[in-house]
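# Examining the three-dimensional arrangement
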Amino acid sequence: MTEAATGPDSAHSPPARPARPTRCGRSRLLLRDSLLPALLLLNVLTTHGPPGLPVAVTFTAALALPLLWRRRAPLLVFGTVATAALAQWLLDLQLPGAVALLVALYTVATDSDRRVTLLAASVVEAGALLACLRWATEGAFLTPFVALTALVVAATALGTNVRTTRAYLAVVEERAVRLEQQQDQQARLAVAGERTRITREMHDIVTHNLSVMVALTDAAVHAQRRSPERATAAMLQISETGRQALTDMRRSLGVLRADEPDAERHPLPGLAQLELLAAQMGAAGLPTRVELRGDHAHVPATAQLTVYRLVQESLTNALKHTPGGTRATVLVHCSAATVTVEVTDTGPRTTPPSSPSGHGLPGMRERAAAYGGTLRAGPLPDGGWGVHTRLPLDGGAVPA
């Protein structure tokens, strides 16, 4: 017989009730549970003669009909059936309906904890002993008693096994639900992290390139009458900066394939591109000197991109927030364990180097922290502004 419920096998707390079946499921269970009572009543009607038929039918009904509600109230049904069986024994009536007590015991074992199950099994075992004492033939007590005891043990074991299986399936289902929730949470965190990365990249790319393009445009406007060649060079630089911005944006959004021509023309920014960045900033009005110390061949591409973006944002802030004539210096020192970056400029800040959207310096700190590094920024003792960053290359965190 197959049952459906959930609950732990505990000696102190009953298992959880099974999920309530639907109306169609309840109809099928009622039809299945009514089969045994119907067979027992049919057996009594066909085997008993008229003299004892009413009493036999009454006790058989008292033993069998409560089984129709055994799933809803197993302990109450067990008590009712046990009482009817005791009355049958007191009246010295031998009826096959006593098998209903084994079914009630099985139901208790599938629904109740171990202590209640053992108590119910003890009641049925006592009934088996009383039945053998009264109805066993002389010299044949042991055989029927062993047989009835085996039936009691079998009913108890089957019910306990069903309950244990239910508990195991409940744990498996709970773990599956928890795993699904964890996977969903991880997916949401991954999406949020990707959105943050894209937002940070877009801010750095758009802010830098637009700042450079605005500065170059202003320079081209001033130079178009006195020096058309310089104006033309500035316009060409604006065009190249725009293409670079489009390529970086497409790469950050994950839509630029490695086999596209622009991918070869504009490789992933790194330490090797800092000189080009410095030249670009110089053309926009911020003369920049880059000094690269140590061997950077072992520096991972992700760390190089982080350094490039931090330098780019620092120079962009200097271009936007300092007056004309400001000069900037970029010092990158590569060691076996860390990459240290210092970006300084000589101009006083006219406005705070952070955008209203919360990017700028906060975004730079987030970018450095995402790689396990630290970032400090602030005014220098001799004037100007400085940004200091340290990134670990061994996967650990560096002290602030």
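Structure: see above.
Residues numbered from 1 in each chain as written. Predicted model: local features only at pLDDT ≥ 70, side-chain atom pairs only at ≥ 80, totals over all residues. Heavy atoms only, no water.

## Describing the pairing of strand E3 (residues 338–345)
Selection rule: Three exposure classes are used, based on accessible area relative to the maximum for each residue type with a 1.4 Å probe and protein chains only: buried under 20%, partly exposed in between, and exposed over 50%. Each helix is a run of H or I in the DSSP string that is no shorter than four residues. Each strand is a run of E no shorter than two, and both are numbered from the N terminus. DSSP bridges decide pairing: two strands pair if at least two such bridges lie between them.
For E3, the buried fraction is high: 6 of the 8 residues fall into the buried class. Both strand E2 (residues 328–334) and E3 contribute to a ladder of 7 bridges, which runs antiparallel. What sits directly across from His-333, in E3, is Thr-340. In sequence, E2 turns back onto E3 through a hairpin of 3 residues. Two strands pair when backbone bridges link them, and E3 and strand E5 (residues 385–392) are joined in this way by 8 bridges, in the antiparallel orientation. Paired with Glu-342 across the bridge in E5 is His-388.

## What about the layout of surface pockets?
Rule in force here: Whether a set of points on the 1 Å grid over the protein atoms alone is a cavity depends on a 1.4 Å probe fitting there but being unable to get out, while an open set qualifies as a pocket with protein on both sides within 12 Å along at least five of seven lines; lining residues are those with an atom within 4 Å of a point. Grid points are joined across faces, edges and corners, and a volume is the space filled by probe spheres set on the points. In this count, Pro and Cys sit with the nonpolar residues alongside Ala, Val, Leu, Ile, Met, Phe, Trp and Tyr, while Asp, Glu, Lys and Arg are called charged and the others, Gly among them, polar.
Approximately 610 Å³ is the volume found for the second largest pocket. Counting residues per element, the ones that place at least two in the lining of the second largest pocket are helix H4 (74–90), helix H5 (99–111), helix H6 (114–135) and helix H7 (142–223). It is H6 that provides the largest number of residues to the lining of the second largest pocket, a total of 8 residues. Considering only residue class, the lining of the second largest pocket consists of 22 nonpolar, 3 polar and no charged.

## Considerations on the environment of Gly-360
Mapped onto the elements of the fold, Gly-360 is located in the loop between E3 and helix H12 (361–370). In the structure, Gly-360 is positioned 160 residues away from Arg-200 in sequence and 9.1 Å away in space, judged by C-alpha atoms.

## Focus on the pattern of salt bridges
Quick reminder of the rule: Here, a salt bridge means any side-chain nitrogen of Lys or Arg that lies within 4 Å of a carboxyl oxygen of Asp or Glu.
In total, this model carries 4 salt bridges according to the counting rule given. Bridged by salt links that share partners, the residues Arg-289, Glu-291 and Arg-293 form one connected network.

## Considerations on the sheet that holds strand E4 (residues 374–379)
Inclusion rule: For every element, the axis is a line fit to its C-alpha atoms; helices are fit only across the contacting stretch, and the angle between N-to-C directions ranges from 0 to 180 degrees. Working rule for contacts: check all heavy atoms of both residues, and any pair within 4.5 Å makes them a contact.
The strand order E1-E2-E3-E5-E4 describes an open sheet built from 5 strands, whose pairing is mixed. Two strands in the sheet have a free side with no partner beyond their single neighbour: strand E1 (288–293) and E4. Between one strand axis and the next, the sheet turns by 10° as a mean value, whatever way the strands run. Set on the sheet, helix H10 (residues 274–283) makes contact with E1 and E2; between it and E1 the angle comes to about 170°. Contacts from helix H11 (residues 301–321) reach E1, E2, E3, E4 and E5, with the element oriented near 10° to E3.

## Side note on a nonpolar patch on the surface
Where we set the bar: Residues with no salt bridge and a relative accessible area higher than 30% make up the patches, which join like charges within 9 Å and nonpolar side chains (Val, Leu, Ile, Met, Phe, Trp, Tyr) within 5 Å. Working definition of accessibility: Shrake-Rupley area with a 1.4 Å probe, residue cover restricted to the visible protein chains.
Judged by side-chain polarity, Leu-86, Leu-90, Leu-129, Leu-130, Leu-133, Phe-141, Leu-142 and Val-146 come together as a nonpolar surface patch covering roughly 720 Å² of accessible area. Mapped by element, the contributors of at least two residues to the nonpolar patch are H4, H6 and H7. The greatest single-element share of the nonpolar patch, amounting to 3 residues, is contributed by H6. For Leu-133, the location among the structural elements is in helix H6.

## Description of the packing of helix H3 (residues 53–64) against H4
To be explicit about the condition: Here the word oblique covers every angle except those under 35 degrees (roughly parallel), over 145 (roughly antiparallel) and from 65 to 115 (roughly perpendicular). Handedness of a helix crossing follows the sense of rotation of the near helix relative to the far helix, less than a right angle counterclockwise being left-handed and clockwise being right-handed.
Look at H3 against H4: their axes get within 8 Å of each other, and the N-to-C directions meet at 150°. As the angle between them shows, H3 and H4 are arranged roughly antiparallel. Between H3 and H4 the crossing geometry is left-handed. The residues of H4 that touch H3, namely those facing Phe-59, Ala-62 and Leu-63, are Val-81, Ala-84, Ala-85, Ala-87 and Gln-88. Looking at the contact of H3 with H4 residue by residue, the classes come out as 7 nonpolar, 1 polar and no charged.

## A short note on the nonpolar core
Heads up, the rule is: Only buried residues count toward a nonpolar core. Its members are Ala, Val, Leu, Ile, Met, Phe, Trp, Tyr and Cys residues joined through side-chain atoms within 4.5 Å.
Ranked by internal contacts, the top residues of the largest apolar core, which has 36 residues, are Leu-274, Val-307, Val-311, Leu-315, Val-332 and Val-339. Looking at this core, the elements with two or more residues in it are H7, H10, H11, E2, E3, H12 and E5. The element best represented in this core is H11, accounting for 8 residues. Listed in part, the 22 residues of the second largest apolar core include Leu-67, Leu-105, Tyr-106 and Val-162.

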